[in-house]
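Fold and geometry: a report
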Amino acid sequence: MKRAITLGGGGPAAGLHMGALIRLAEAGITFDVWALSCIGAWVGIIYNQFDGSPIEQAEKTRTFFRRVFRNDESYSRFPTNTVFGPDLGTKMRAVTKFLMDPKSYQNLLLPREIIEALTDTMALLLDRSRWNAGDFDHWMLNSVLAVNPFSRFFTSLIYLSNFNGLTRMYYPESRFLKAIKFENLYRDDKPFLYHNAWNLTKKRLELFSNKHHGRYKNIDAQSLCACSALPFIEETVRINGDTYCEGALVHTINFENLLEDHPDLDEIWVVRIIDIEQVRTPKTITDGLGNLCMLFAGALGEDDIRLFKYHARELGWYGKIIEVRVATDVNYEWSHSNLDRSIEDGYEAADETITFHSFLTSYIAGDKRSAKQHANDLKEYELGFLARALAADTSAEAAPAIEALIKLDPAWKRSPRAELGKIVYEPKTLDLLTRDLATAGLAQAIDRDLREDHIRA
């Protein structure tokens with residue numbers, strides 16, 4: 001059995017990866033190929049640089065990341081992690097260069113715009129219909145701040161100085177990066193690891209690996225920092241003259257070249273960790289910055305999986321794609337409590353996935369007794385409802401599970417095959433489950449609901 005695992009992006013939700021890895025290690029499920037992106041690259045590389053059993057590696061990874069997350073008391077009034085430094089040297093050099101550049105003092109005083117601003121100010125004072133928050137803020141921006149020489153100067157100092165991120169991660173001499181033993185990744189007993197990063201200079205996605213491969217560069221501290229250099233948040237990283245930023249902006253889950261390089265894979269386990277439905281309304285700037293990362297990661301990750309399934313079928317690959325579906329209300333705080341909670345949720349999600357696929361194995365083999373036992377072990381959620389509906393002996397016994405499934409997500413009554421396709425990849429298994437669900441009563445439930453909706457309408 002040759003397996004691959006893909007660990008996607010998700011920043012502070014990294015604990016979900018760690019929890020899943022702990023449970024997979026306990027189940028004796030190991031991986032020959034690791035396809036990594038953003039925080040998934042950090043977790044995968046930290047995990048594999050350690051020695052010991054898979055369980056020991058997982059526990060050491062948890063310990064390492066506690067240094068990245070901040071304790072709750074400190075985080076409550078300093079909401080950032082412990083490794084994103086402000087890069088004071090670069091900023092001081094940028095400010096000095098800005099102040100010494102004569103071009104920085106051009107176009108500060110604009111007489112024509114000042115006169116237009118005074119005219120607009122008089123119009124505002126005389127027109128009561130413009131006395132509202134929107135028009136006032138518009139006036140403040142364009143007729144006060146935009147024409148004031150001092151605000152023009154300091155705004156350009158902030159936005160036009162020669163630095164491109166709020167913080168920096170790549171400090172080659174830092175104790176934090178030196179604590180990662182990259183040389184351990186290149187031993188023969190280590191799995192094939194690779195992660196992505198976006199080459200801004202050449203406008204293309206590039207891959208970095210721990211195995212000598214003609215197309216890929218080597219994994220090191222620079223590449224690891226480059227793969228998670230989210231624009232605006234993190235400064236870009238230069239490697240051999242090219243500038244790189246986060247590859248998860250293009251492929252949140254790094255399926256790039258996975259099947260082309262490893263066509264003999266039997267299983268691909270996917271840990272996406274976040275979903276767009278988990279992104280909540282922001283209440284602070286910290287929440288807004290979190291949403292900036294998580295909205296694209298959630299949406300791109302979901303699309304990546306769909307597209308990869310089409311791609312795999314085009315290549316004629318019919319192994320198993322197993323997605324660890326995390327049903328949790330995650331948050332994006334770099335706090336110890338969030339790390340611990342995420343690890344627990346990731347552990348439970350992996351446990352549910354393992355149990356469900358044990359159910360599928362028994363069900364497909366015709367072992368109804370074992371299948372029913374595994375189905376009953378699952379939680380009262382999507383996988384559990386689905387398994388109990390399939391394992392039921394009669395349609396009457398399946399009815400409560402089917403109703404719960406539809407109540408959880410009405411899409412199950414509109415297109416059960418499409419919903420099954422999100423869980424099961426193999427065409428034969430998908431056909432079998434679709435047919436058996438219809439026999440269990442899902443088709444009748446759909447017809448009944450549609451008739452009732454029509455009557456109400």
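Refer to the structure presented above.
Worth saying up front: this structure is predicted, and the values here are computed from it rather than measured.

1. Some words on the pattern of salt bridges
Within this structure, the stated rule accounts for 30 salt bridges. Between Glu-302 and Arg-306 there is a salt bridge; the shortest N-O distance is 2.8 Å. Taken together, the residues Glu-302 and Arg-306, both in helix H12 (residues 285-314) and 4 residues apart, mark about one turn of the helix. Overall, Arg-306 belongs to the partly exposed group, its relative accessible area being 39%. Among the ionic pairs, Arg-325 bridges to Glu-323, the shortest N-O distance being 3.9 Å. The exposure class assigned to Arg-325 is partly exposed, which follows from its relative accessible area of 26%. The class of Glu-323 is buried, set by a relative accessible area of 11%. Residues joined in a network through salt bridges with shared partners are Asp-51, Arg-187, Asp-189 and Lys-190.

2. Here's the deal with the layout of surface pockets
Reported here for the largest pocket is a volume of approximately 1200 Å³. Every residue lining the largest pocket is counted, 37 residues in all, and those nearest its centre are Arg-272, Asp-275, Arg-325, Glu-382 and Lys-422. Among the elements of the structure, H12, strand S11 (320-324), helix H13 (336-364), helix H15 (382-391), helix H18 (416-421) and helix H19 (427-440) are those that each provide at least two residues to the lining of the largest pocket. Considering each element in turn, the lining of the largest pocket owes the most residues, 6 residues, to H12. Grouping the amino acids of the lining of the largest pocket by side-chain chemistry returns 15 nonpolar, 4 polar and 18 charged. Around the second largest pocket, the lining is made up of 36 residues, and of these Asn-81, Phe-84, Ile-233, Cys-293 and Trp-334 lie nearest the centre. Listing elements by their share of the lining of the second largest pocket, those giving two or more residues are helix H2 (39-49), strand S3 (165-167), strand S7 (232-234) and H12. Tallying contributions element by element places H12 first for the lining of the second largest pocket, with 7 residues.

3. Considering the packing of H13 against H15
Close contact between H13 and H15 brings their axes to 10 Å; oriented N to C, the two are set at 15 degrees. Considering the angle they form, H13 stands roughly parallel to H15. Note that H13 runs across H15; the crossing there is left-handed. Contacts from Glu-352, Phe-356, Phe-359 and Tyr-363 of H13 reach H15 at Leu-383, Leu-386, Ala-387, Leu-390 and Ala-391. Tallied by class, residues from the contact of H13 with H15 come to 8 nonpolar, no polar and 1 charged.

4. Structural notes on H15
Burial analysis of H15 places 10 of its 10 residues in the buried class, the great majority of the element. Among the residues making up H15, those that are buried are Glu-382, Leu-383, Gly-384, Phe-385, Leu-386, Ala-387, Arg-388, Ala-389, Leu-390 and Ala-391. Close packing links the buried residues of H15 with H13, helix H14 (368-377), helix H16 (395-408), helix H17 (411-414), H18 and H19.

5. Details of the environment of Arg-67
By the element assignment, Arg-67 lies in the loop between helix H3 (54-66) and helix H4 (72-75). For Arg-67, a relative accessible area of 42% translates into the label partly exposed. Sequence separation of Arg-67 and Pro-149 is 82 residues, and the distance between their C-alpha atoms is 45 Å. In contact with Arg-67, not counting residues within four places along its chain, are Thr-82, Phe-176 and Ala-179.

What counts, and where the lines are drawn
Residues numbered from 1 in each chain as written. Predicted model: local features only at pLDDT ≥ 70, side-chain atom pairs only at ≥ 80, totals over all residues. Heavy atoms only, no water. Salt bridge = Lys/Arg side-chain N within 4 Å of Asp/Glu carboxyl O. Helix = DSSP H or I, 4+ residues; strand = E, 2+ residues; numbered from the N terminus. Buried < 20%, exposed > 50% of the residue type's maximum accessible area, 1.4 Å probe, protein only. 1 Å grid on protein atoms, 1.4 Å probe; cavity = no way out; pocket = protein on both sides within 12 Å on 5 of 7 lines; lining within 4 Å. Points joined across faces, edges and corners; volume = space filled by probe spheres on them. Nonpolar A, V, L, I, M, F, W, Y, C, P; charged D, E, K, R; others polar. Axes fitted to C-alpha atoms, helices over the stretch in contact; angles between N-to-C directions. Parallel < 35°, antiparallel > 145°, perpendicular 65-115°, else oblique. Left-handed = near helix turned anticlockwise from the far one by under 90°. Contact = heavy atoms within 4.5 Å.

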